[in-house]
Amino acid sequence: RKEVEQDPGPFNVPEGATVAFNCTYSNSASQSFFWYRQDCRKEPKLLMSVYSSGNEDGRFTAQLNRASQYISLLIRDSKLSDSATYLCVVNPISNAGNMLTFGGGTRLMVKP
Amino acid sequence: DTGVSQDPRHKITKRGQNVTFRCDPISEHNRLYWYRQTLGQGPEFLTYFQNEAQLEKSRLLSDRFSAERPKGSFSTLEIQRTEQGDSAMYLCASSLVYNAYNEQFFGPGTRLTVL
């Protein structure tokens, strides 16, 4: 079993739609969580950190469910520019180095 | 540009050759990480430095790979006797250890193609 699992998609949605991605992680002691966005052939860019209380940044909302070990990302009012791969990322507490463990990514395509 | 920079951006080499990549982190960041990403996969951790000390290495980092950060600033990643399986994007990231959440910021990567 992979440490961080995501549905690879692609999710094809029309502009203006609301779309949600989930991700599960296997290490129950994991400490911190993130969503990164990666455009084709570019580097991952931090979209948002995911806090225990959940957090919102404009059209983006992230939630963490420690009991079920999953993380979600909700995108409201999708824009064409949201088309990208969204990487779910976990920082396992068992690793002293704070290395990040990435899921395989979920591809989103927003169509006009 | 005050972000993470990497050089070269692309490298094509023949199997068996040695290659070296460079990463310059964000200036005030004391942690530097190397990751490798292949097509359709998320990045995989290779190694990291805190200042000049290399504190952890992944099992992915075979004996052919070596990384240095001699003055605690820029880092180099060398691959000796390259193999076709080494073809990947090599990503460098940096973070500030006093950031409790350890948010890492990535450079543009070096895309390696081994023929």
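As shown above, the structure is provided for reference.
Residues numbered from 1 in each chain as written. Chains lettered and ligands numbered in written order. Predicted model: local features only at pLDDT ≥ 70, side-chain atom pairs only at ≥ 80, totals over all residues. Heavy atoms only, no water.

## Topic: the environment of B:Gly72
Here B:Gly72 is to be found in the loop between strand 7 (65–68) and strand 8 (75–79). Excluding residues within four positions of it along the chain, B:Gly72 makes contact with B:Asn51 and B:Glu52. (Helix = DSSP H or I, 4+ residues; strand = E, 2+ residues; numbered from the N terminus. Contact = heavy atoms within 4.5 Å.)

## Details of the state of the cysteines
Counted under the stated rule, the structure contains two disulfides over all chains. For A:Cys23, the disulfide goes to A:Cys88, at an S-S distance of 1.9 Å. Sign of the S-S torsion, about -60° for the bond between A:Cys23 and A:Cys88, identifies this disulfide as left-handed. Residue A:Cys23 is found in strand 3 (residues 19–25), and its partner A:Cys88 is found in strand 9 (residues 84–91); the two are separated by 65 residues along the sequence. The class for A:Cys23 is buried, based on a relative accessible area of 1%. Each sulfur of the disulfide joining B:Cys23 and B:Cys92 lies 1.8 Å from the other. Taking the sign of the torsion about the S-S bond as the criterion, the disulfide between B:Cys23 and B:Cys92, at about -65°, is left-handed. Taken together, the positions of B:Cys23 in strand 3 (residues 19–24) and B:Cys92 in strand 9 (residues 88–95) put the pair 69 residues apart, joining distant regions of the chain. (Disulfide = S-S within 2.5 Å. Buried < 20%, exposed > 50% of the residue type's maximum accessible area, 1.4 Å probe, protein only.)

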